[in-house]
Amino acid sequence: KQEVTQIPAALSVPEGENLVLNCSFTDSAIYNLQWFRQDPGKGLTSLLLIQSSQREQTSGRLNASLDKSSGRSTLYIAASQPGDSATYLCAVLNDYKLSFGAGTTVTVRA
Amino acid sequence: GAVVSQHPSWVICKSGTSVKIECRSLDFQATTMFWYRQFPKQSLMLMATSNEGSKATYEQGVEKDKFLINHASLTLSTLTVTSAHPEDSSFYICSARAGPGLAGAWTYEQYFGPGTRLTVT
């Protein structure tokens, strides 16, 4: 059974600082990995999707890397802003099913 | 594109009653839809996978008689929580995967709805 772990569980940083969010998974036979953002009481917003054959994806201030063999992914958010405050979820696709981590709750202080 | 809606966005019902939640893919056909459940401060847990025109596949530990799933068309799946109890109170989120031949289908990317908050009193 796939297990996805996200560290840290919570993170508080001053505005402008770079964010580093970590995700690890136990079964490296994934099809892809996805990072989502979730605001309180809301649904999921897809941020980046990395296919298993890719090493990284970038979108604006966001960059996600994937090391499938070691079962790790890292989401980098450059120059954080208060609007980046949210919970970030990592999910991996195995056997056509997504397995989610518990998330990292980020607070960016103005 | 790839918009998924859910209705209602929140619902309060009394213990013992049933409640139906709808999940619609608005601008694409979804051969497969998924239902997730999320408790406060916890992550999403897959409840079941539904394919259009066939019975849903439930994850281990999910009561199929309690959580009835119907996927009658390529754009609509419904989740009915029968005889709801306070412990069924949760945030229910659906997702839809684009059908074969559609943009994004080869990535198996799921598009998520905004969620439904169910409170059972």
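Just above, that's the structure.
Read on for a plain summary of the structure. (Residues numbered from 1 in each chain as written. Chains lettered and ligands numbered in written order. Predicted model: local features only at pLDDT ≥ 70, side-chain atom pairs only at ≥ 80, totals over all residues. Heavy atoms only, no water.)

1. A short note on the overall build of chain B
Cut-off, in case you're wondering: The numbering of helices and of strands both runs from the N terminus, where a helix is a DSSP run of H or I of at least 4 residues and a strand a run of E of at least 2. Our radius of gyration is a C-alpha quantity, and the globule rule it is checked against amounts to 2.2 Å times the number of residues to the power 0.38. Three exposure classes are used, based on accessible area relative to the maximum for each residue type with a 1.4 Å probe and protein chains only: buried under 20%, partly exposed in between, and exposed over 50%.
Across its full length, chain B holds 0 helices and 11 strands. Ordered by position in the sequence, the α and β elements of chain B form the string β-β-β-β-β-β-β-β-β-β-β. What you see for chain B is a C-alpha radius of gyration of 14 Å, in line with the 14 Å of a compact globule of 121 residues. Projected onto the principal axes, the alpha-carbon positions of chain B cover approximately 45 × 25 × 20 Å. Burial status across chain B gives 51% buried among its 121 residues.

2. A short note on the sheet that holds strand E3 (residues 19-25) of chain B
Residue and element names in this part refer to chain B. Stated precisely, the cut-off is as follows: Strands are labelled as partners when DSSP assigns at least two bridges between them. Only the contacting stretch of a helix is used when fitting its axis, a line to C-alpha atoms as for every element, and angles between N-to-C directions run 0 to 180 degrees.
One open sheet accounts for 4 strands, arranged E1-E3-E8-E7; its pairing is antiparallel. Looking at strand neighbours, the two that pair on one side only are strand E1 (4-7) and strand E7 (67-73), the edges of this open sheet. Strand-to-strand twist of the sheet, defined as the mean angle between neighbouring strand axes without regard to direction, takes the value 15°. Both E1 and E3 contribute to a ladder of 4 bridges, which runs antiparallel. Counterpart to serine 5 in the pairing with E3 is arginine 24.

3. Let's talk about the interface of chain A and chain B
What counts is decided by this rule: We call two residues in contact whenever any of their non-hydrogen atoms come within 4.5 Å of each other. Accessible area that two parts lose when put together, evaluated with a 1.4 Å probe and summed over both, is termed the buried area. Here, a salt bridge means any side-chain nitrogen of Lys or Arg that lies within 4 Å of a carboxyl oxygen of Asp or Glu. Throughout, the ten residues Ala, Val, Leu, Ile, Met, Phe, Trp, Tyr, Cys and Pro are labelled nonpolar, Asp, Glu, Lys and Arg are labelled charged, and all others, Gly among them, are labelled polar.
Facing the 20 residues of chain A at the interface are 19 residues of chain B. In this assembly, chain A packs against chain B so that about 1500 Å² is buried in total across both faces, 57% of it on carbon and sulfur atoms. Summed over the shared surface of chain A and chain B, the number is 1 salt bridge. With a shortest N-O distance of 2.8 Å, lysine 97 of chain A and glutamate 59 of chain B are connected by a salt bridge. Those elements that provide at least two residues to the side of chain A that touches chain B are strand E4 (32-38), strand E5 (44-51), strand E9 (86-94) and strand E10 (97-100) of chain A. Looking at the side of chain A that touches chain B residue by residue, the class counts come to 10 nonpolar, 8 polar and 2 charged.

Keep in mind that these numbers describe shape and distance, not what the molecule does.
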